[in-house]
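Chain by chain, the residues run as shown.
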Amino acid sequence: DAKTTQPNSMESNEEEPVHLPCNHSTISGTDYIHWYRQLPSQGPEYVIHGLTSNVNNRMASLAIAEDRKSSTLILHRATLRDAAVYYCILRDIGYSGAGSYQLTFGKGTKLSVIP
Amino acid sequence: EAQVTQNPRYLITVTGKKLTVTCSQNMNHEYMSWYRQDPGLGLRQIYYSMNVEVTDKGDVPEGYKVSRKEKRNFPLILESPSPNQTSLYFCASRDRDNQPQHFGDGTRLSIL
């Protein structure tokens, strides 16, 4: 899987929007961009994924740059429950070898939410 | 409720004493996998399974075994645990190739 780069940590005030960036300059045409988050003492939790177009769901929005070399996860109103480590991961759906079954987590961005 | 269930949640044991961590999913998912999470190293895949009786090594398979005799279960076996296998372990499952993974709540193993 191609590599992603995220800031180590970010802070946000409660009830304000949060923009979590991810760079993936070596992304291939068949790489989907997935976001997961891990709350303290829990397993990772799926947030959102997309290929080219911006995506919205009940948890967040995903904004993908036109050249697909970067993306931004948007939490519209941060709550204390959103404090977690956020992982940006690329999944190649076009690769049919053993690597397509792996999900490679980087170190993610630790988001702190200030009351 | 759709879920991935791991047991036990916590275990302290001694070097060399065989142990099994069970993982069960109720979503009829084909794919299952095991990860370990260590400070500073993030989540690393140990083994994965594409379907019943089909398993393969992930990034860090040494010292572990798995089996997939039924679709819902994917146990992780440590035949002779050692202290370097002290870690937080997660089981995950997913449906088709690009679907989200569902993770269990984790098993914290301490090998003394």
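Residues numbered from 1 in each chain as written. Chains lettered and ligands numbered in written order. Predicted model: local features only at pLDDT ≥ 70, side-chain atom pairs only at ≥ 80, totals over all residues. Heavy atoms only, no water.

### Details of the side chain of Ser67(B)
Working step 1: Assignment of secondary structure puts Ser67(B) in the loop between strand 7 (65-66) and strand 8 (76-78).
Working step 2: Setting aside residues no more than four positions away along its own chain, Ser67(B) makes contact with Asn73(B), Phe74(B) and Pro75(B). (Helix = DSSP H or I, 4+ residues; strand = E, 2+ residues; numbered from the N terminus. Contact = heavy atoms within 4.5 Å.)

### Quick look at the sheet that holds strand 3 (residues 31-38) of chain A
Residue and element names in this part refer to chain A.
Working step 1: What the five strands build is an open sheet, ordered 1-9-8-3-4; its pairing is mixed. The sheet is open, and its two edges are formed by strand 1 (9-13) and strand 4 (45-50), each paired on a single side. Strand after strand, the sheet turns through a mean of 25 degrees between neighbouring axes, direction not considered.
Working step 2: For strand 1 and strand 9 (residues 109-114), the ladder comprises five bridges, and the chain directions are parallel. Within the sheet, the bridge partner assigned to Met10 lies in strand 9 and is Leu111. (Pairing = 2+ DSSP bridges. Axes fitted to C-alpha atoms, helices over the stretch in contact; angles between N-to-C directions.)

### Points about the pattern of salt bridges
Two side chains with opposite charge may pair up if their charged atoms get near one another.
Working step 1: Following the criterion strictly, the structure yields seven salt bridges over all chains and no others.
Working step 2: Between Glu45(A) and Arg37(A) there is a salt bridge, with the nearest N and O atoms lying 2.9 Å from each other.
Working step 3: Residue Asp38(B) is joined to Arg36(B) by a salt bridge in which the shortest nitrogen-to-oxygen separation is 2.9 Å. Note on accessibility: Asp38(B) and Arg36(B) belong to one class, buried. (Salt bridge = Lys/Arg side-chain N within 4 Å of Asp/Glu carboxyl O. Buried < 20%, exposed > 50% of the residue type's maximum accessible area, 1.4 Å probe, protein only.)

### What about the interface of chain B and chain A?
By a widespread convention, an interface's size corresponds to the accessible area lost as its parts come together.
Working step 1: The partner chain A presents 20 residues to the 21 residues of chain B that form the contact.
Working step 2: Where chain B abuts chain A, roughly 1,800 Å² becomes buried across the two surfaces, and 48% of that area is made up of carbon and sulfur atoms.
Working step 3: Between the two partners, chain B and chain A, sit zero salt bridges.
Working step 4: Taken together, the links from chain B to chain A amount to four residue pairs in polar contact (both at pLDDT 80 or more).
Working step 5: Secondary structure elements with two or more residues in the side of chain B that touches chain A: strand 4 (31-38), strand 5 (42-51), strand 6 (54-57) and strand 9 (87-94) of chain B.
Working step 6: Sort the elements by how many residues they give to the side of chain B that touches chain A and strand 5 of chain B lands first, with four residues.
Working step 7: Of the residues assigned to the side of chain B that touches chain A, the class counts are eight nonpolar, seven polar and six charged. (Buried area = accessible area lost by both parts, 1.4 Å probe. Polar contact = N/O pair within 3.5 Å; in protein donor to acceptor, adjacent residues only side chain to side chain. Nonpolar A, V, L, I, M, F, W, Y, C, P; charged D, E, K, R; others polar.)

### Here's the deal with unusual backbone geometry
Working step 1: Here the bond from Asn7(B) into Pro8(B) is cis, since omega is -5 degrees, no more than 30 degrees from zero.
Working step 2: By the secondary structure assignment, Pro8(B) is in the loop between strand 1 (4-7) and strand 2 (10-13).
Working step 3: Despite not being glycine, Glu15(A) shows a phi value in the positive range, around 70 degrees.

### Side note on the environment of Ser12(A)
Working step 1: Within the secondary structure, Ser12(A) is located in strand 1.
Working step 2: Non-local contacts of Ser12(A), meaning those with residues more than four positions away in its chain, are made with Pro17(A), Val18(A), Ala78(A), Leu111(A), Ser112(A), Val113(A) and Ile114(A).

By themselves, these are just geometric observations and shouldn't be taken as functional.
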